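Each chain, written out:
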Amino acid sequence: MKGKIVVTGGAGYIGSHTTVELQNAGYEVVIVDNLSNSNAGVIDGIEKISGIRPAFEKVDCTDKEALTGVFNKYPGIKGIIHFAASKAVGESVHKPLLYYKNNIVSLLNLLELMPENKVEGIVFSSSCTVYGQPEILPVDEMAPIQPALSPYGNTKQIDEEIIRDAIYAKAPYKSIILRYFNPIGAHPTAEIGELPNGVPQNLIPYLTQTAIGIRKELSVYGDDYNTPDGSCIRDYINVVDLAKAHVVAVNRIVENKSESKLEYFNLGTGTGVSVLELINAFEKSTGVKVPHKIVGRREGDIEQIWANPCYANTVLGWTAAESIEDTLKSAWSWQLKLREKGIM
Ligand code: NAD
Ligand code: WQD
């Protein structure tokens, strides 16, 4: 065993895939999740893939006493990957205090508990949303941070600042801040994947639900942007590729390879794909049609963004490997699995 890692939000979409990859790499994982956006069945899915049942604590990260109990129960935690957060952009506009409390208090509690428990570092889930609409594309880590467009986006910026200030103030731990572009797809076994809550706001779950007939048609939000086909461009990254980057980041912390105590990495493929191109790629790779219509722009949408992933490629030695076709096929297999299980 390489050591114990706490994965907050480990029952969630990215956290579950990361848990599998950490276990494959020889880490012992302790999942801390309040199941506010997931369910305990995800732990079974993880065990089916890796053959190892991760320790699971149903704990809310805003509850410092309960978190203290986790560190006492599992002595010698080497690192934390902090996924636990509320993440629905639209909801955050209507319930800002819920977002500020959940996403900021959780981080503060972890940072306060790290020194007394001698945890070596924390990997933090940030987002390309911090760049807003970048002037220069592809966007690299040196690009300016733009004012957030939602309370959710603001929590990611504030959390990044909290970590930065703590480390400048000589906190005895390291941090790696990972800025994800658009994670999509599911584990190739279809044992774990994204569990959308209610009507999906994100493109891929809406698309696969339309393809299977749960939704009548997919609305494409705008075809009059300044892009080659007029629809918005994003950098869609396979969730297993993304998960693997977390293992590299954890290795970097526990093996003392970080060049400084605080590092930032963009996690994307480096390729921008438009909404219309994505629908096409889905139809081609799965053979399933996606009824869709063009509607007006969605408020607050960024026109186009994709990553310059060179820093992660060279410094972490990590590159997104999966093709968009295979990634979309995995999203479709997951949707079929949800139907088979009677979940959707
Ligand atoms: P998710 O909702 O599937 O997973 C988050 C998990 O955290 C859930 O299982 C939820 O139950 C848990 N959780 C939430 N609040 C908690 C709390 N206070 N205590 C304990 N557990 C709590 O989301 P995800 O897509 O896996 O995202 C993981 C992280 O990555 C989040 O921080 C999110 O903001 C960030 N992120 C996600 C995306 C994306 O598109 N999915 C993009 C950029 C960044
Ligand atoms: C992708 C593209 C839409 C739905 C959001 C958050 C961001 C990050 C990832 C966490 C856009 C278009 C979508 C639909 C559509 N999360 N679309 N019809 O907006 O890039 O990012 O999730 O940090 O912070 O803002 O992702 O999947 O919602 O949209 O045409 O029904 O698909 O306009 O161009 P987005 P998304």
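Residues numbered from 1 in each chain as written. Chains lettered and ligands numbered in written order. Predicted model: local features only at pLDDT ≥ 70, side-chain atom pairs only at ≥ 80, totals over all residues. Heavy atoms only, no water.

On to the layout of surface pockets. By volume, the second largest pocket amounts to about 190 Å³. Taken together, 14 residues form the lining of the second largest pocket, with Gly41, Val42, Glu191, Trp334 and Lys341 sitting closest to its centre. Mapped by element, the contributors of at least two residues to the lining of the second largest pocket are helix H2 (41–50) and helix H11 (324–340). Here the lining of the second largest pocket gets 5 residues from one element, more than from any other, and that element is H2. Taken together, the residues of the lining of the second largest pocket break down into 6 nonpolar, 4 polar and 4 charged. (1 Å grid on protein atoms, 1.4 Å probe; cavity = no way out; pocket = protein on both sides within 12 Å on 5 of 7 lines; lining within 4 Å. Points joined across faces, edges and corners; volume = space filled by probe spheres on them. Helix = DSSP H or I, 4+ residues; strand = E, 2+ residues; numbered from the N terminus. Nonpolar A, V, L, I, M, F, W, Y, C, P; charged D, E, K, R; others polar.)

Moving on to the site of ligand 1. In the region of ligand 1, 27 residues are neighbours, and Asp33, Asn37, Ser38, Asn102 and Tyr152 sit closest. Asp60 is positioned such that a nitrogen or oxygen atom in its side chain is 2.9 Å from a nitrogen atom of ligand 1. Of all the secondary-structure elements, those providing two or more residues to the shell around ligand 1 are helix H1 (13–24), helix H5 (96–116), strand S5 (121–127) and helix H6 (151–168). Tallied by class, the residues present in the shell around ligand 1 amount to 12 nonpolar, 11 polar and 4 charged. (Near = heavy atom within 4 Å. Polar contact = N/O pair within 3.5 Å; in protein donor to acceptor, adjacent residues only side chain to side chain.)

Here we take up the pattern of salt bridges. If you walk through the whole model with that rule in mind, you get 19 salt bridges. Put simply, Lys87 and Glu194 hold a salt bridge, and the shortest N to O gap is 3.8 Å. Highlighted residues: Lys87 in the loop between strand S4 (77–82) and helix H4 (89–94) and Glu194 in the loop between strand S7 (182–184) and helix H7 (203–211), separated in sequence by 107 residues. Taking the relative accessible area as the measure of exposure, Glu194 reaches 15% and is therefore buried. Asp301 is the partner of Arg298 in a salt bridge, and the nearest nitrogen-oxygen pair spans 3.1 Å. (Salt bridge = Lys/Arg side-chain N within 4 Å of Asp/Glu carboxyl O. Buried < 20%, exposed > 50% of the residue type's maximum accessible area, 1.4 Å probe, protein only.)

Let's shift gears to the site of ligand 2. Around ligand 2, a shell composed of 18 residues is seen, among which Tyr152, Leu203, Ser219, Arg234 and Asp301 lie nearest. Leu203 is positioned such that a nitrogen or oxygen atom in its backbone is 2.8 Å from an oxygen atom of ligand 2. With the chains in place, 87% of the 680 Å² that ligand 2 exposes on its own is no longer accessible. Broken down by element, the residue count for the shell around ligand 2 peaks at 4 residues, all from strand S8 (residues 218–221). A breakdown of the residues in the shell around ligand 2 according to their chemical character gives 9 nonpolar, 6 polar and 3 charged. When we break the shell around ligand 2 down by domain, the ones giving at least three residues each are domain 1 (3–184 + 236–267) and domain 2 (203–234 + 270–340). (Areas by Shrake-Rupley, 256 points an atom, 1.4 Å probe, with all protein chains shown as cover. Domains from an automatic or database assignment.)

Our focus in this paragraph is the domain arrangement of the protein chain. Size of an interface, as often reported, equals the accessible area lost when the parts are brought together. Once the domains are mapped, the protein chain shows domain 1 (3–184 + 236–267) and domain 2 (203–234 + 270–340). Put simply, the middle of domain 1 and the middle of domain 2, counted by C-alpha atoms, are 24 Å apart. Between domain 1 and domain 2, the contact holds 27 residues from the first and 25 residues from the second. Summing the contributions of domain 1 and of domain 2, the shared interface buries around 2,400 Å²; its carbon and sulfur component is 70%. Where domain 1 meets domain 2, there are 0 salt bridges. Inspection of the domain 1/domain 2 interface yields 8 residue pairs in polar contact (both at pLDDT 80 or more). Of all elements in the fold, only S7, strand S10 (236–238), helix H8 (239–254) and strand S11 (262–267) reach the threshold of two or more residues within the side of domain 1 that touches domain 2. In terms of residues, the side of domain 1 that touches domain 2 owes the most to one element, H8, which gives 5 residues. Looking at the side of domain 1 that touches domain 2 residue by residue, the classes come out as 16 nonpolar, 5 polar and 6 charged. (Contact = heavy atoms within 4.5 Å. Buried area = accessible area lost by both parts, 1.4 Å probe.)

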